[in-house]
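Observations on the three-dimensional arrangement
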Amino acid sequence: MPMNSVFSDLPVTVFEVMSRLAREHVAVNLGQGFPDDPGPEDVRRKAAEAVIDGWNQYPPMMGLPELRQAIAAHYRHWQGLALDPETEVMVTSGATEALAGSLFALVEPGDEVVLFQPLYDAYLPLVLRAGGVPRFVRLEPPHWRFTEEMLAAAFTPRTKVVLFNNPLNPAGVVFPREDLELLARFCERFDVVAICDEVWEHVVFDGRRHVPLLAIPGMRERCVKIGSAGKIFSLTGWKVGFVCAAARLLRVLAKAHQFLTFTTPPNLQAAVAYGLGKADAYFDEMRRSFERSRDRFAEGLRAIGFPVLDCQGTYFLNVDLKPLGLNEDDEAFCRRLVAEHKVAAIPVSAFYAAEPIRSVIRFCFAKHDSTLDAALDRLAGALKGRGGAT
Ligand code: PMP
Ligand code: GLN
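Below or above, wherever it landed, is the structure these notes cover. Each chain has its residues counted from 1, following the order in which its sequence is written. Labels are handed out in written order, letters beginning with A for the chains and numbers beginning with 1 for the ligands. The model is predicted, so local features are restricted to residues of pLDDT at least 70 and side-chain atom pairs to those at 80 or more, both for listing and for counting; the totals for chains, interfaces and linings are taken over all residues. Only heavy atoms go into the side-chain values, all of them from the structure, while hydrogens and water stay out.

1. Quick word on the sheet that holds strand β12 (residues 360-364)
For two strands to be treated as a pair, DSSP must find no fewer than two bridges joining them. Elements are defined by DSSP. Helices are runs of H or I of four residues or more, strands are runs of E of two residues or more, and each kind is numbered from the N terminus. Here we have 3 strands laid out as an open sheet, ordered β9-β12-β11, and antiparallel in their pairing. The open sheet has two edge strands with one neighbour each: β9 (316-320) and β11 (346-347). As judged from the 2 bridges shared by β11 and β12, these two strands associate in the antiparallel manner. Of the residues in β12, the one forming a bridge with P347 is I361. Any two residues whose heavy atoms approach within 4.5 Å at even a single point are treated as in contact. To obtain an axis, a line is fitted to C-alpha atoms, over the contacting stretch when the element is a helix, and the angle between two such axes runs from 0 to 180 degrees between their N-to-C directions. Strand contacts of helix α12 (residues 280-303): β9 and β12, with the helix running at about 15° to β9, the strand carrying the most contacts.

2. Comments concerning the sheet that holds strand β4 (residues 133-138)
Strand pairing in a sheet relies on backbone hydrogen bonds, with the paired strands running either antiparallel or parallel. Sheet architecture is open: 7 strands sit in the order β2-β8-β7-β6-β5-β3-β4, paired in mixed fashion. The open sheet has two edge strands, β2 (89-92) and β4, and neither has a second partner. Within this sheet the neighbouring strands show an average axis-to-axis angle of 20°, counted without direction. As defined by bridge partners, strand β7 (residues 223-228) adjoins strand β8 (residues 241-244) across 4 bridges and the pair is classed as antiparallel. Paired with I226 across the bridge in β8 is V243. Strands β2, β5 (159-165), β6 (193-197), β7 and β8 of the sheet are contacted by helix α5 (residues 94-106), whose axis makes an angle of about 160° with β7.

3. A word on helix α13 (residues 330-341)
If you check which residues of α13 are buried, you get D330, F333, C334, R336, L337, V338 and H341. Of the surrounding secondary structure, the elements contacted by the buried residues of α13 are α2 (14-24), β10 (343-344), β11, β12 and α14 (369-382). What qualifies as a polar contact is a pair of N or O atoms within 3.5 Å, subject to a donor-acceptor requirement within protein and to the restriction that residues adjacent in sequence count only when both atoms come from side chains. The backbone nitrogen of E331 has a side-chain oxygen 3.2 Å away, supplied by the residue at the start of α13, namely D329. Residue exposure (1.4 Å probe, protein chains only): buried if accessible area is under 20% of the type maximum, exposed if over 50%, otherwise partly exposed.

4. A short note on the site of ligand 1
The local shell around ligand 1 consists of G94, A95, T96, Y120, N165, N169, D197, V199, W200, S228, K231 and K239. Contacts to ligand 1 include W200, whose side-chain N or O atom sits 3.0 Å from an oxygen atom. S228 has a polar side-chain atom sitting 2.7 Å from an oxygen atom of ligand 1. More than half of the atoms of ligand 1 fall within 2 Å of the grid points belonging to the largest pocket. Taken together, the residues of the shell around ligand 1 sort by class into 4 nonpolar, 5 polar and 3 charged. For each residue, the test is whether any non-hydrogen atom lies within 4 Å of the molecule or strand; if one does, the residue is near. Only protein atoms enter the 1 Å grid used here, on which a cavity is any set of points holding a 1.4 Å probe that cannot leave and a pocket is any open set flanked by protein within 12 Å on both sides along at least five of seven lines; residues with an atom within 4 Å of a point are listed as lining. Cavity and pocket membership follows a simple rule, namely that a molecule belongs there if more than half of its atoms are within 2 Å of the grid points. Amino acids outside the nonpolar list (Ala, Val, Leu, Ile, Met, Phe, Trp, Tyr, Cys, Pro) and the charged list (Asp, Glu, Lys, Arg) are all regarded as polar, and Gly is one of them.

5. Looking at the site of ligand 2
Inspection of the region around ligand 2 gives F15, Q32, G33, Y120, N169, F316 and R362 as its neighbouring residues. Take Q32: an N or O atom from its side chain is 2.7 Å from an oxygen atom of ligand 2. A distance of 2.7 Å is found between an oxygen atom of ligand 2 and a side-chain nitrogen or oxygen belonging to R362. Comparing atom positions with the cavity grids shows ligand 2 to sit within the largest pocket. Looking at the shell around ligand 2 residue by residue, the class counts come to 3 nonpolar, 3 polar and 1 charged.

Here's what the structure looks like:
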C-alpha cells in the first residue's frame, strides 16, 4: 500500500533497537538515555496526588496557568529571561511534540532548514515531513565545534529555520557564548528563525551555566526555545515539554499544537509546576550527582583502554574507537558489545544522515555506581586482544 515515504522508508529508532537488544541479551543498558534513579519523590508524589485529588479532564490548550507561570519564573531565575507566561509560554507533550509543532508551523515546502550533525534522530524525518530541505553542518570529534565557514556554506537566501541543539546530544558539548553569537549573526543576516532544543539545559557540568540562544542579542524575536521536564527532573517518561517564543511566533506554534496533541496530562503539569520552583540546591545536587557518575565512568573506561571524549553536559559520554585501530565500525562494535559482552551503547553514526562519523560510540552514565561498575567489568573484555590496555 503506498504510504508516506518519509516514514515508510525509515528504520526503527536506534534507541528502541538498542533497548530491545539489551533486553534480549540481558545486557546492562547504557544505550537509550534514561537514569537508573526513579526521580525526585516529592515531584512524583505531587503527580500522584493530582491524579487522585486534582483535575483529570482536559486542561487549557496552552497548558495549566500555574505551570506557564512556573516556567516563566524558572527561566527568569536560572537564565535571566523575561517571558510573558500569557503570550510567550506553551506546554507541549514533551520536547518531541514541541519540535514537530515548531517545524510544521514554520516551514513551507521547499524552505531550507539548517541542521547540525550529529543530530537527534527525530529532527530529519520531521523536517522532511514538513517539506523542508535539509542543509547540514557536519560536526566532528573531538571538539564538535562549528566555524563561520561552515555556517556560510549552509545558510542561503532560502534558509527559513535553523534547528540547533545545545547542550548537544550525543556529543555532550555545551557551545560557548561566542558560538551562539556567531549563529545569531547568521540568523539575523539571513532572517532565519532558530528552533533551539535546550532539553539538556540543566544537565551541565564543571560549574557551567546554560546560556539560552534566545538571550543572545538579536534573537529575542526570532528564537523558539524548547525545554523538557523529562530531563530537568530525570523523569524521561513524563513527556512534559515547554515552548517559549515571542508572541507573534507562539501564536502560530499554538495552531500546530492544537491539532497534534492539543493538551498534556494535567496531573503531570501540576507536578512539574511544583518542581520548577524547587530550591537551587536540588538542581545543583542533581548536576553534581551526574557529574560524579560521569567521572567514575570516564575513569573506569580510561583504565581499561577506551579513549574517552570530553563531556560538558547531557547524560552521555563518548568514546572514539579510532586510535584503537579496530577493524570494525561503531555499529558492528555496538552489536558485538551487546551480544558478546552484554553492554548496550549507541553507535554515533546513527546521528548522521550523510557522511557519518563511524568511530564513536555513546554511553549513558546516568546510572547507579553498581550499574556503571558492572558495565566496566564487562567492557574490559571487549578490548582484550584488540589493542586495548588489558
Ligand atoms: N531533543 C533531544 C536533544 C533529546 O535528547 C531528547 C530526549 N532525550 C528529546 C529532544 C525529546 O525530549 P522529550 O522526551 O521531552 O520529548
Ligand atoms: N533522547 C534519548 C537518548 O538520546 C532517547 C529518546 C528516545 O528513546 N527516543 O537516548
